[in-house]
Amino acid sequence: DEAAYPFHLSLRDRLSDHGLIAVAILRQTPSSVHVDSFLMSCRVLKRGVEELALVTMVEYAKSAGKSLLTAEYIPTAKNAMVKDLYDGFGFERTETSEDGSVRYALRVENFRPPPIFMQVERK
């Protein structure tokens, strides 16, 4: 699918190799890039990896010539700890459903990347 852009992240620190810790699928629409899927291991949350993932998503949207990055949070029994993830990165809520699902949008020109305190190796 040429409209899809999958990527993954692995993490290694001075103490351990955590291996594959995040996967995402971004999908181009006529007017935006949509975060179709974003899964990350809870054992690495709050280590800066989510910031790196977001920067990667915004970079892709810019390279695709899109001014909007959209996403959706769908609540499950296991993902409550990240229910405010997109809010924390400056996304605007565009729709909230009765089931707790929230749709988000981020104007990429307004995005200010957070500091990334890790060495990034791209392959």
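Residues numbered from 1 in each chain as written. Predicted model: local features only at pLDDT ≥ 70, side-chain atom pairs only at ≥ 80, totals over all residues. Heavy atoms only, no water.

K.L.:
Can you tell me about the pairing of strand β2 (residues 17–28), naming the residues and giving the values?
P.N.:
Across 9 bridges, the pairing between strand β1 (residues 4–12) and β2 is antiparallel. Note that in β2 the partner of Ser-10 across the bridge is Leu-20. Linking β1 to β2, which pair antiparallel, is a turn of 4 residues. Of the pairings in the sheet, the one linking β2 to strand β3 (residues 33–40) comprises 7 bridges and is antiparallel in character. (Pairing = 2+ DSSP bridges. Helix = DSSP H or I, 4+ residues; strand = E, 2+ residues; numbered from the N terminus.)

K.L.:
Run through the pattern of salt bridges, naming residues and quoting values.
P.N.:
What the rule picks out here adds up to 5 salt bridges. Among the ionic pairs, Asp-87 bridges to Arg-93, the shortest N-O distance being 2.9 Å. In this structure Asp-87 comes out as partly exposed when scored by relative accessible area, which is 28%. For the salt bridge of Glu-95 with Arg-103, the shortest nitrogen-to-oxygen distance reads 3.7 Å. Judged by relative accessible area, which is 41%, Glu-95 ranks as partly exposed. Of the residues examined, Arg-103 reaches a relative accessible area of 41% and is grouped as partly exposed. Overlapping salt bridges, with partners in common, bring together Asp-1, Arg-27 and Asp-36 in one network. (Salt bridge = Lys/Arg side-chain N within 4 Å of Asp/Glu carboxyl O. Buried < 20%, exposed > 50% of the residue type's maximum accessible area, 1.4 Å probe, protein only.)

K.L.:
How would you explain the layout of surface pockets if you had to name every residue and give the values?
P.N.:
Over the atoms rolls a probe the size of a water molecule, and in doing so it shows where empty space is left. Looking at the second largest pocket, its volume works out to about 510 Å³. Counting residues per element, the ones that place at least two in the lining of the second largest pocket are β3, β4 (68–73) and α2 (85–88). Per-element accounting of the lining of the second largest pocket gives the leading share, 7 residues, to β3. A breakdown of the residues in the lining of the second largest pocket according to their chemical character gives 12 nonpolar, 3 polar and 3 charged. (1 Å grid on protein atoms, 1.4 Å probe; cavity = no way out; pocket = protein on both sides within 12 Å on 5 of 7 lines; lining within 4 Å. Points joined across faces, edges and corners; volume = space filled by probe spheres on them. Nonpolar A, V, L, I, M, F, W, Y, C, P; charged D, E, K, R; others polar.)

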